Amino acid sequence: MTATTPVAAPGYRARRTLPLRVEARRQLLRRRTLVIAAVLTLLPFVLVVAFAIGGDPSARSSGRISLMATATASGANFTATALFVSAGFLLVVPVALFCGDTVASEASWSSLRYLLAAPVPRARLLLSKLTVGLAFSAAAMLLLPLVALAVGTAAYGWGPLQLPSGGTLPPGEAVARLAVVTGYVFVGQLVTAALAFWLSTVTDAPLGAVGGAVGLTIVGNVLDQVTALGGWRDALPAHWQFSWVDALQPQLEWSGMLQGASVSVSYALVLIALAFRGFARKDVVS
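Here the residue index of a chain counts from 1 through its sequence in written order. Totals for whole chains, interfaces and linings use every residue, but because this is a predicted model, local features are given only for residues with pLDDT of at least 70 and side-chain atom pairs only at 80 or more, for both listing and counting. Each side-chain value is worked out from all heavy atoms of the structure, with water and hydrogens disregarded.

A short note on the overall build of the protein
From N to C terminus, the protein includes 10 helices and two strands. Helix and strand assignments follow DSSP, with helices taken as H or I runs no shorter than four residues and strands as E runs no shorter than two, numbered in order from the N terminus. Counting from the amino terminus, the protein carries its helices and strands in the arrangement α-α-α-α-α-α-β-β-α-α-α-α. Put simply, the protein has 286 residues, and 43% of those count as buried. The accessible surface values rely on the Shrake-Rupley method and a 1.4 Å probe; as for residues, cover is taken only from the protein chains in view. Carbon and sulfur atoms make up 68% of the accessible area of the protein, which amounts to about 14,200 Å² in all. Remark: exposure states derive from per-residue accessible area (1.4 Å probe, protein chains only) relative to the maximum for the residue type, with buried under 20%, exposed over 50%, and partly exposed in between.

Considerations on the packing of aromatic side chains
Here is the rule: rings of Phe, Tyr and Trp (six-membered ring for Trp) pair when centre to centre is within 6.5 Å. Planes less than 30 degrees apart are stacked, more than 60 are edge-to-face, and the remainder are tilted. Throughout the structure, instances matching the rule amount to seven aromatic pairs. Arranged with centres 6.5 Å apart and planes meeting at 70°, the rings of F84 and W244 form a pair that is edge-to-face. Of this pair, F84 sits in helix 3 (residues 75–87) while W244 is found in the loop between helix 9 (206–224) and helix 10 (255–281), placing the two residues 160 residues apart along the sequence. Among the aromatic residues, ring-to-ring pairing joins F51, F78 and Y156 into one connected group.

Some thoughts on the confidence of the model for the protein
Averaged over every residue, the pLDDT of the protein is 83; residues scoring 70 or more account for 84%. Segment residues 1–7 is flagged for pLDDT under 50; beyond a separation of four residues in sequence, or across chains, it makes zero contacts in the model. The pLDDT value expresses, per residue, how confident the predictor is, ranging between 0 and 100. Contacts are assigned to residue pairs that have any heavy atoms within 4.5 Å of one another.

What about the environment of A139?
With respect to the helices and strands, the residue A139 is situated in helix 6 (residues 122–156). Residues A139 and F186, spaced 47 residues apart in sequence, show a C-alpha to C-alpha distance of 9.7 Å.

Observations concerning helix 6
A helix's residues, less one, multiplied by 1.5 Å, set its expected span. Here helix 6 spans 51 Å end to end across 35 residues, near enough to the 51 Å set by a 1.5 Å rise per residue. Taken from the residues just after helix 6, G157 is the one with a positive phi, measuring 95°.

Some points on the nonpolar core
The nonpolar core is taken to be a set of buried Ala, Val, Leu, Ile, Met, Phe, Trp, Tyr and Cys residues, with the residues joined through side-chain atoms within 4.5 Å. In this structure, F78, L161, V181, V185, F197, W244 and L248 are the most contacted members of the largest nonpolar core, which totals 62 residues. Elements represented by at least two residues in this core include exactly helix 2 (31–54), helix 3, helix 4 (92–108), helix 6, helix 7 (171–188), helix 8 (190–202), helix 9 and helix 10. Residue contributions to this core peak at 11 residues, all from helix 6. Setting aside chain neighbours within four positions, we find F78 in contact with P44, L47, V48, F51, A71, A148, V151, G152 and Y156.

A look at the pattern of salt bridges
Pairs can form between side chains of opposite charge once their charged atoms are near each other. The term salt bridge refers to a pairing of a side-chain nitrogen on Lys or Arg with a carboxyl oxygen on Asp or Glu at a separation within 4 Å. Inspection of the entire model under this criterion finds three salt bridges. R30 is paired through a salt bridge with D101; the nearest N and O atoms lie 2.4 Å apart. Here D101 lies in helix 4 and R30 lies in the loop between helix 1 (20–28) and helix 2, a separation of 71 residues in the sequence. Here R30 matches D101 in class, with each residue buried. Here R177 makes a salt bridge to E173, at a shortest N to O gap of 3.1 Å. Here R177 and its partner E173 are both found in helix 7, four residues apart, which amounts to about one turn of the helix. For R177, a relative accessible area of 6% corresponds to the buried category. Overlapping salt bridges bring together R30, R32 and D101 as one network.

What about helix 3?
The end-to-end C-alpha distance of helix 3 is 18 Å, a good match for the 18 Å that 13 residues give at a rise of 1.5 Å each. When you tally the buried positions in helix 3, you get 11 out of 13 residues, the bulk of the element. Within the sequence span of helix 3, burial applies to G75, A76, N77, F78, T79, A80, T81, A82, L83, S86 and A87. Buried positions along helix 3 lie against helix 2, helix 4, helix 6, strand 1 (161–162) and helix 7.

Considerations on the side chain of T192
Within the secondary structure layout, T192 lies in helix 8. Whenever a nitrogen or oxygen atom comes within 3.5 Å of another N or O atom, the pair is scored as a polar contact, on the condition that within protein one atom can donate a hydrogen and the other can accept it, and that pairs from neighbouring residues in sequence are kept only if both atoms are in side chains. Only 3.1 Å separates the side chain of T192 from the side chain of T217, close enough to count as a polar contact. Setting aside residues up to four positions removed in sequence, T192 forms contacts with V92, V95, A96, A213 and T217.

Here it is, written out as C-alpha cells:
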C-alpha cells in the first residue's frame, strides 16, 4: 500500500499563521505588561523624590566623582544614574517575564496544543513569540531612559553630562552616548531572554521559567564576585554587564562592550537553538 502525502487545505500558508501583530496585541493587553510599564515609568519619579529627601548626593561623595554623585547635575546624568541602579536587577525582570512567560503561559492555560492544531508550525510559533518577547524587552529598555531623561531634564535642567573620570560631554553627544549604553544593556540581557525562553519551552509553569531565568542570572552575578575564579569570570555574561561605563569616558572605548556583547550573543544563540530543537520533539499535551 502506497503512503499518500497529506494535502494542505486550500489557502493555507504556514508563514501566515500567528501573525506578529496578533501575538503583539495579545501580549500588550496582558496585565503584567501594563504593570511593568508602570513600574519603569514611575522609577525616575521615585529617584527624584529620593534625591529631594536625601539632599544633593555630591555632598556625600567625599570629593570622588561617580554616577551617583553627579545624578542631579543634569538630565543626562540623571538618566545615566537611573540605568546604573536598574541594569543589575530591575531590567532583568521584564526581559525574563516577556520571554519566559510567553510559551509556558499557553501551556498553563491548556491552549498551546490548540495553537499547534490550528495548525501553527512549531518553529513559526516559537519564532513569533520570541520576536514579540524581544521587541517588548527592547521597549522596556527604551522606556526607562526616555522617561528618566524627560523627568531629569524637568527636575535638573538640560545640560552637559559630567563624566565619572572627569570632564563633560555636550548634551547632544551625551544623548548619543546614552543611546549606546541603552543598546548595550539590551544586548547584555539577551542571555537572560534566551534562558527564559528556553525554560519556557520545557516547563508548563510560567513562574518557573521566569524565576529560573532571574535566579540563574543572580547566580551569575554572585559567581562574578568570586575573584578566586580568575580568568574564568570572563566567560560569565555578568562580568561584562557594566562595560557600558566605557561609553561614559571622554573617548568612547569599545573593547569591553564588544567582548561582553560577543559573550552574551554566543550564549543566547546556543540557548535559543536548544529551545527550538527541544520544542520540535516535545510531546505537547497541554
